[in-house]
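# Summary of structural features
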Amino acid sequence: MTDTKNITPDTSVEICGVKFKNPVITASGTFGFGKEYAEFYDINLLGGICTKGITKERREGNPSPRVAETPMGMLNSVGLQNPGIEGFIKEDVPFLNTLGTVVIANVAGKTEEDYCYTVERASALDCVKMVELNISCPNVKAGGMAFGVLPESVEKITAAVKKHCSKPLMVKLSPNVANISDNARAAENGGADCLSLINTVSGMAIDWKSRKPILANVCGGLSGPAIKPIALKMVYETRKAVKIPVVGMGGIVTADDIMEFLVAGASAVQIGSANIFDPTAGLNLINELTNLMKRCSINSVREITGSLKI
Amino acid sequence: MKDVRLKLKRKKTLAEGVLEFEFSSAEKLPQMHCGQFLHIKVGGEFLLRRPFCLYKYDDYSVTLIVAVVGGGTRRMAEMKEGDEVLAVLPIGNGFTLGAEHKKILLLGGGVGCAPLVSVPLTYPDKEYVSYIGFSTERAVMFKDEFAKFGSVTVCTDDGSAGRKGYVTDVLRQDIEKIKPDVILTCGNTPMLKAAARLSADTKIPAYMSGETRMGCGVGACLVCACAVKEKDGSIVHKRACVDGPVFRLEDVLL
């Protein structure tokens with residue numbers, strides 16, 4: 001018999017024809033455009049990178065404070081500060097062109113036209129292998145989550161954007177909805193090639209002594225280990241509702257967390273807040289995942305996806 | 001920037017709720033500059049790191065001033081000698097002085113004095129005059145540190161030590177005599193606003209080190225936005241962590 005503990009596990013996954021060397025993708029908004037973390041480790045080791053949300057025009061985002069620490073989590077209210085598609089192409093694409101990892105462009109907008117324009121520009125770039133449609137940002141007044149709440153609007157925006165997207169389209173779902181399965185099916189019906197979930201959970205933090213909210217924008221999006229159970233349930237439900245691949249995220253900080261998402265039905269995962277807590281989180285998780293697979297005699301991550309027994 | 005393991009070598013109380021921590025590192029630390037900061041993983045239930053300015057440093061040690069203001073800093077205050085923490089350092093631009101800056105005025109308020117103490121370490125060949133303000137005598141710190149490299153004027157709000165009044169008001173009475181080339185400052189927002197008015201009235205350029213709630217500390221997450229006026233008058237959000245923490249005082253919307 002072969003001793004599987006001596007075999008290097010196969011961590012590679014393929015989603016919509018795009019090959020990832022491992023299932024660890026850094027989540028949008030927590031990894032900038034990659035440069036900052038390249039100072040800490042070789043980010044080419046990552047399965048992929050989701051960029052900060054890109055809009056048609058440059059945006060300054062919300063006023064400060066934009067962050068609050070909460071039990072086992074954090075609230076943020078950045079409000080999609082980004083250099084705009086032109087700034088992205090000028091300032092960030094040259095660096096992304098040098099990378100040997102999958103770059104996923106996260107795109108947000110105010111109007112359907114904005115989304116279509118930015119998706120068309122972003123998906124035409126050589127370095128961009130996939131587009132993630134951000135219809136789930138809770139921190140902007142117009143656009144963002146407004147497109148992502150009702151199943152009808154999810155289907156409409158997905159169908160509109162799909163016509164302008166020359167790369168596989170991943171739709172990022174919001175957890176702040178009545179029924180995640182309905183929204184997942186709506187995105188699939190609109191032509192999404194795969195789904196990612198969950199974006200942050202709407203939340204609030206208050207300093208009762210000053211009678212003031214901690215965030216200048218009053219409310220924000222909750223992330224971190226606090227939301228993992230919510231995310232796992234939604235990945236599980238989404239996996240049952242659709243045929244397209246699902247990328248899971250929400251509070252992953254250990255390799256065991258990654259395994260839980262894979263078992264729930266995710267083909268890959270995104271790492272968000274963990275990057276903020278530790279600049280080397282992505283690299284640590286890849287190493288921990290490989291070691292965990294060796295210890296548990298798992299040959300391939302693909303055999304774990306959707307292996308939940310009920 | 002590097003994520004390094006630091007060991008607590010020594011801690012002492014400077015004033016009520018303010019401690020000095022000296023950490024050592026087994027490996028040689030990256031080159032540091034005055035006004036930069038580090039980002040400490042406090043541990044336990046606290047997931048976000050905590051930023052502290054560099055107070056003193058050399059190749060194998062770094063000393064910080066910690067004001068106990070909440071749960072994270074309370075946990076730090078409970079650390080024992082020998083305990084270890086992870087810290088990203090050094091972060092940010094720090095204070096930069098040019099050849100035209102010969103006479104430097106250091107203006108500190110409370111624990112905000114801490115980042116100013118390392119300026120003469122980086123720039124030993126300048127002339128320094130320090131004005132430091134505290135609420136009351138019991139809160140006075142750092143006087144001996146500033147006295148090492150120039151004259152120091154202590155002010156207290158209640159007059160229980162040094163000269164009575166806000167440090168910015170006292171400085172305003174003296175500034176014509178001192179004629180500094182530049183003011184470097186750090187303190188609470190009302191103090192910084194008063195310093196900004198003083199700088200505008202006297203046409204003496206001033207630079208401040210700011211503080212804000214921080215996320216990643218490496219420039220990626222954009223939660224530490226600082227509203228700054230550009231040359232063309234537009235307002236942009238800069239990252240306090242890597243674009244700052246030092247900004248030209250007149251540019252910052254306080």
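Residues numbered from 1 in each chain as written. Chains lettered and ligands numbered in written order. Predicted model: local features only at pLDDT ≥ 70, side-chain atom pairs only at ≥ 80, totals over all residues.

## Examining the overall build of chain B
Inclusion rule: Secondary structure is summarised from DSSP: a helix means a run of H or I of at least four residues, a strand means a run of E of at least two, and numbering begins at the N terminus for each. Each radius of gyration is computed over the set of C-alpha atoms, and the globule rule expresses the reference value as 2.2 Å times the number of residues to the power 0.38. Buried residues are those with 20 or more other C-beta atoms within 10 Å of their own C-beta, exposed residues have 12 or fewer, and partly exposed residues lie in between; C-beta atoms are placed from the backbone. Any two residues are considered in contact once their C-beta atoms, placed from the backbone, lie within 7 Å.
Secondary structure summary: chain B contains 5 helices and 16 strands in total. Computed over the C-alpha atoms, the radius of gyration of chain B is 18 Å, within 12% of the 18 Å expected from 2.2 N^0.38 for a compact globule of 254 residues. Referenced to the eigenvectors of the C-alpha coordinate spread, the extents of chain B come out at roughly 50 × 45 × 35 Å. A burial count over chain B gives 47% of its 254 residues as buried. For chain B, the share of sequence-separated contacts (at least 6 apart) that also reach a separation of at least 24 residues comes to 62%.

## Details of the interface of chain B and chain A
Note the threshold: We call Asp, Glu, Lys and Arg charged. Ala, Val, Leu, Ile, Met, Phe, Trp, Tyr, Cys and Pro are nonpolar, and the rest, Gly among them, are polar.
Taken together, the 21 residues of chain B in the interface contact 27 residues of chain A. Looking at the side of chain B that touches chain A, the elements that each hand over two or more residues are β14 (225-229) and β15 (235-239) of chain B. Counted by class, the side of chain B that touches chain A contains 14 nonpolar, 4 polar and 3 charged residues.

## Regarding helix α5 (residues 189-202) of chain B
Count 3.6 residues to each turn of an α-helix, and residues three or four apart come out pointing the same way. Residue and element names in this part refer to chain B. Applicable threshold: Expected helix span is taken as 1.5 Å per residue step, with the number of steps being one fewer than the number of residues.
The terminal C-alpha atoms of α5, which comprises 14 residues, lie 20 Å apart, in line with the 20 Å expected from a rise of 1.5 Å per residue. Burial in α5 covers these residues: Met191, Leu192, Ala194, Ala195, Ala196, Leu198 and Ser199. Against β8 (103-109), α4 (167-178), β12 (182-186) and β13 (206-209) lie the buried residues of α5.

## As for the sheet that holds strand β7 (residues 102-107) of chain A
Residues and elements named next belong to chain A. Condition: Here the rule is simple: two strands pair whenever DSSP picks up at least two bridges between them. For every element, the axis is a line fit to its C-alpha atoms; helices are fit only across the contacting stretch, and the angle between N-to-C directions ranges from 0 to 180 degrees.
Taken in spatial order, the 8 strands line up as β3-β4-β7-β8-β9-β10-β15-β16 and close into a barrel, and their pairing is parallel. Across the sheet, the axes of successive neighbouring strands diverge by a mean angle of 25°, strand direction being ignored. In this sheet, strand β10 (residues 194-197) lies alongside strand β9 (residues 169-172) in parallel orientation, the contact comprising 3 bridges. By the bridge assignment for β10, lysine 172 is matched with serine 196. Strand contacts of helix α9 (residues 281-295): β3 (24-26) and β16 (268-271), with the helix running at about 170° to β3, the strand carrying the most contacts.

## Notes on the nonpolar core
What counts, and what does not: By definition, a nonpolar core groups buried Ala, Val, Leu, Ile, Met, Phe, Trp, Tyr and Cys residues that connect through C-beta atoms lying within 7 Å of each other.
The biggest cluster of nonpolar side chains holds 177 residues, and the ones touching the most others in it are Val131, Leu195 and Val269 of chain A. Among all residues touching leucine 195 of chain A, those that are not within four sequence positions of it are Met170, Val171, Leu173, Ala184, Ala187, Thr238, Val242, Ile244 and Val246 of chain A.

## What to know about the domain arrangement of chain B
Residues and elements named next belong to chain B. What counts, and what does not: The domain limits used here are those given by an automatic or database domain assignment.
As far as domains go, chain B holds domain 1 (2-91), domain 2 (95-210) and domain 3 (212-254). Counting residues at the interface gives 8 residues for domain 1 and 8 residues for domain 3. Counting only elements with at least two residues in the side of domain 1 that touches domain 3, the list comes to β3 (37-41) and β7 (84-91). Looking at the side of domain 1 that touches domain 3, its residues break down into 5 nonpolar, 2 polar and 1 charged.

## Quick notes on unusual backbone geometry
Cis geometry marks the peptide bond from leucine 197 of chain A to isoleucine 198 of chain A; its omega dihedral reads 10°. Relative to the assigned elements, isoleucine 198 of chain A resides in the loop between β10 and β11 (201-204). Of note, the bond from glycine 244 of chain B into proline 245 of chain B is cis; its omega dihedral lies within 30 degrees of zero at 5°. Residue position: proline 245 of chain B is located in the loop between β15 and β16 (246-248). Unusually for a residue other than glycine, methionine 72 of chain A sits at a positive phi of about 50°. Looking at the secondary structure, you find methionine 72 of chain A in the loop between β5 (67-70) and β6 (73-76). You will see that lysine 203 of chain B, though not glycine, has its phi angle at about 60°, which is positive. As for its position among the elements, lysine 203 of chain B is in the loop between α5 and β13. Since 6 C-beta atoms lie within 10 Å of it, lysine 203 of chain B is described here as exposed.

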